Each structure stands twice: as structure tokens, then as C-alpha cells.
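Structural overview
Take a look at the letters that make up each chain.
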Amino acid sequence: MGGGRAVYAASARLGLSAALGAETSGCASTVAEEGGGQGRPEADRASLSQAERLWLVGVMASLADRVRGNGRIAAGLLVNLLVSICIVFLNKWIYVHHGFPNMSLTLVHFVVTWLGLFLCQKLNIFAPKSLPPSKLLLLALSFCGFVVFTNLSLQNNTIGTYQLAKAMTTPVIIVIQTFYYKKTISVKIQLTLIPITLGVILNSYYDVKFNFLGMVFAALGVLVTSLYQVWVGAKQHELQVNSMQLLYYQAPMSSAMLLVTVPFFEPLFEEGGLFGPWSVTALFMVLLSGVTAFMVNLSIYWIIGNTSPVTYNMFGHFKFCITLLGGYVLFKDPLSVNQGLGMLCTLFGILAYTHFKLSEQEGSKSKLVQRP
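This one's a predicted model, so the numbers in the text were calculated from it and none came from an experiment.

Once that is clear, we can look at the overall build of the protein chain. In terms of regular secondary structure, the protein chain is built from 13 helices and 0 strands. Reading the secondary structure of the protein chain in the N-to-C direction produces α-α-α-α-α-α-α-α-α-α-α-α-α. Classification of the 372 residues of the protein chain by burial places 40% in the buried group. Intrachain contacts of the protein chain at a sequence separation of at least 6 include 83% that bridge at least 24 residues. For the protein chain, the accessible area works out to roughly 21,200 Å², and carbon and sulfur atoms hold 69% of it.

And the structure:
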């Protein structure tokens, strides 16, 4: 009887080992333990070791790709930060220390931007698309206006006032979209316009270097910039092009318009003119400003294509603060407590606007995904 139980127990153990041996390779070690300490063959252990090595190599390669990707994004953001801040300070330096004419500097920017875009399309960074010039005339004209008036605002105002005035672009765009394009804007977003506008008014009122002509240029710059941004969005949708393709045609058209206009407002060959006698330092700074302006456009295009809207907007707020701080450090512009409060008020409004706008966009995307 005892011998029968022994035979039954041995058979049970053999049956268990056979059953476990039929499971997947991931349970092979358990089979070895249940089988009375009998390990798997050497070939199986070698196969597992090779699979582990391949898995480890795959994980390391994935991590390396992620690090490289994050490194590229960080480098792109850093480049955009540097060139966006540098273009403001470079232009202000050129106006203050060299007196280079405004419209001529804008013309240099347009020409260098077009040459840079021409090089980019030759390097297959983007593919140009044939567009009818008649569709772009108004856009090219507004492009001239917004850059010229914005630079005139920078030339005649402190960097703080110049930067805060630019923040008024958002409220003006909303007004244009509401009254002209009959677009519905939520109450939350409309309320964010109050701190933005109040902050700009506070800063302007308490600016000890207040310049009436500078504020006129700032107001014109905001108006034309708002129209330009609205029209750019409409034209991109109408012509089915991206910003680089659109700018590739805008830049030469705007350059031609300015080339015809400049002689009526600024000297060309006389002292202080575009082709007048300039020092090597002044010419270098003007050329550097043109290259930097092109890099601003290129880096913005790259960031929008490789990051999220949240990243781009939050990074924009950081640049806003750094530019304000740099203006007071580099150019010794006076800053009163009330001006500081105005800046904080405007920054709060911009952050609130960004938060509500992005929330609405995410909500719209969720509705589209859930729609059957």
C-alpha cells in the first residue's frame, strides 16, 4: 500500500513537471524548481541571456533617443530665447548708439529674412508653394507696417513701455474678431483683457520717460500687428500654406514696397542714410540684427512644429519677463513702483488669457475625439 502511494506521488510529480514544461518560456525557471532541481539545458540559458541583452540594448537606445530629442527641444528653446531677446536689445542699441534709420533697418531685416528662407528651401527645410501675388499684396503691406511701427515704438519708448504696448495686441485681435468676423469669445477670456489693459495704462501713466509720439507709434504698431496676425491666419487657411511658405513670398514683396517708400522718408546715400558712410561696427550690428530677425522667425517655426502650444506660450511669458528686466538693467530705464504694479497686472492678464484659451482648445479637441 505504501509502495503504491510512492508510485502515485512520483507519477504526480512527473505529470506536474510535464505540464509546467508546456508553459511559456517566461515560466521556465519555475519548471526547473518543480522538477526536483533539474535546470534547463545550456542552450536555453544562453538564449535567455541573449534576449536579456537585446532587451537592455533596446531600452538604452530608447533612452538615448529620448535624451537626444529633449536635448534638441531644449536647444531650440534656448536659441529662440536668445534671439528673441537679442533682437530687441540689438535694435535699441542701434537706434541709441548709431542712429541707423528705422525703415532702412526694417528693409535690411526683410532682405536677410528672404535670403535665409531661400537658403532653407534649397536645403529642403520647407517646400515653397506657388502663390498668386495679388492674394498677398495687402498682407505684405501690413507686414511692412507692423514691423516699421513696432520698431518706431522701440526707438521712441523705453523697452518696458514698448514690451507692454505689444501685450495690447491680444485685446485688439479679440475686438477685431468679435466685431468684424462675428466670432464668439467666452466671458472668461473677455475678462482677462481688463488686467492686461489696466497694466499697460498704469505703466504708461507713470512712465517718467513718457513720449507722446512714441505712444502714437506703439498704438499704430498694435493696430497693424493685430490686423496682420488675423490676416495671416485667414490666408494660411485660404491658401493652405504654413508660415514659412507664406513668409517666403511676403518678404520679397515687402522688401520691394519698402525700397520704393524709403527715399520719401529717409536719406539713401547721404550721411545717416542706408547707403551712407557708416562705421564697420554699425554695419556689423545692422547685419547681425538682420540675421537675428531671421533666426527669430525660423526658431518660432521650429518650436511650434516640435513642442506643444502650452510650451510655446509659457516660454513666451518667460521671454516677456526677461526682456522687461534686461531693458532696465542694460539701458538704465527708471522704474517706479506703480510701473512695476502695471507690469505685474499685465503679466497676470496674459497668463490668465493663455490658461483659458488653452483650456478651451483642449475642450474642443476632447469633444471632437468623443464625437461618434
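So, on to the layout of surface pockets. Computed from the structure, the second largest pocket encloses a volume of approximately 230 Å³. Lining the second largest pocket are 15 residues; nearest its centre among them are Met103, Val148, Phe149, Leu258 and Thr261. The set of elements that each furnish at least two residues to the lining of the second largest pocket consists of α4 (102-122), α5 (137-156) and α10 (243-265). Looking at the lining of the second largest pocket, its residues break down into 10 nonpolar, 4 polar and 1 charged.

The next thing to look at is the nonpolar core. Val88, Phe100, Leu117, Leu136, Phe143, Leu246 and Leu258 are the most contacted members of the largest nonpolar core, which has 54 residues in total. When residues of this core are traced back to their parent elements, those giving at least two are α3 (42-98), α4, α5, α6 (159-166), α9 (212-239), α10 and α11 (280-306). Setting aside its immediate chain neighbours within four residues, Phe143 contacts Phe110, Tyr228, Leu247, Gln250 and Ser254. Among the nonpolar cores identified, the runner-up in size contains 12 residues, and Ala167, Met168, Phe320 and Tyr328 belong to it.

Here we come to the pattern of salt bridges. For the structure shown, the criterion picks out 2 salt bridges. As a salt-bridge pair, Glu238 and Lys135 come within 3.3 Å of each other at their nearest N and O atoms. With Glu238 in helix α9 and Lys135 in the loop between α4 and α5, this pair connects stretches of sequence that are 103 residues apart. Take Lys135: its relative accessible area is 37%, and that puts it in the partly exposed class. With a relative accessible area of 41%, Glu238 lands in the partly exposed category. Taken together, the shared-partner salt bridges in this structure form one network comprising Lys135, Lys235 and Glu238.

With that out of the way, let us pick up a nonpolar patch on the surface. On the surface, Phe210, Phe212, Leu213, Val216 and Leu220 cluster together into a nonpolar patch covering about 460 Å² of accessible area. Mapped onto the elements, Leu220 comes out in helix α9.

What follows concerns the packing of aromatic side chains. By convention here, two paired aromatic rings are described through the distance between centres and the angle between planes. Applying the stated criterion across every chain yields a total of 9 aromatic pairs. By the ring-pair criterion, three or more aromatic residues cluster together here, those being Phe110, Phe143, Phe146 and Tyr228.

What follows concerns the environment of Phe348. Tracing the chain through its elements places Phe348 in helix α13 (residues 337-370). The exposure class assigned to Phe348 is exposed, which follows from its relative accessible area of 54%. Residues Phe348 and Thr192 lie 156 residues apart in sequence; the distance between their C-alpha atoms is 8.5 Å.

To continue, consider α10. At Leu259, α10 is bent by approximately 25°, the largest bend along its length, and proline Pro263 sits one to four residues beyond. Within the sequence span of α10, burial applies to Met244, Gln245, Leu246, Leu247, Tyr248, Gln250, Ala251, Met253, Ser254, Ser255, Leu258 and Val262. Backbone nitrogen of Met244 and a side-chain oxygen of the N-cap are separated by 3.1 Å at the start of α10; the cap is Asn242.

Calculation criteria
- Residues numbered from 1 in each chain as written.
- Predicted model: local features only at pLDDT ≥ 70, side-chain atom pairs only at ≥ 80, totals over all residues.
- Heavy atoms only, no water.
- Helix = DSSP H or I, 4+ residues; strand = E, 2+ residues; numbered from the N terminus.
- Buried < 20%, exposed > 50% of the residue type's maximum accessible area, 1.4 Å probe, protein only.
- Contact = heavy atoms within 4.5 Å.
- Areas by Shrake-Rupley, 256 points an atom, 1.4 Å probe, with all protein chains shown as cover.
- 1 Å grid on protein atoms, 1.4 Å probe; cavity = no way out; pocket = protein on both sides within 12 Å on 5 of 7 lines; lining within 4 Å.
- Points joined across faces, edges and corners; volume = space filled by probe spheres on them.
- Nonpolar A, V, L, I, M, F, W, Y, C, P; charged D, E, K, R; others polar.
- Core = buried A, V, L, I, M, F, W, Y, C linked by side-chain atoms within 4.5 Å.
- Salt bridge = Lys/Arg side-chain N within 4 Å of Asp/Glu carboxyl O.
- Patch = residues over 30% accessible without salt bridge, like charges linked within 9 Å, V, L, I, M, F, W, Y side chains within 5 Å.
- Phe/Tyr/Trp six-rings, centres within 6.5 Å; stacked < 30°, edge-to-face > 60°.
- Bend = angle between axes of the 7 residues up to and from the residue.
- Polar contact = N/O pair within 3.5 Å; in protein donor to acceptor, adjacent residues only side chain to side chain.

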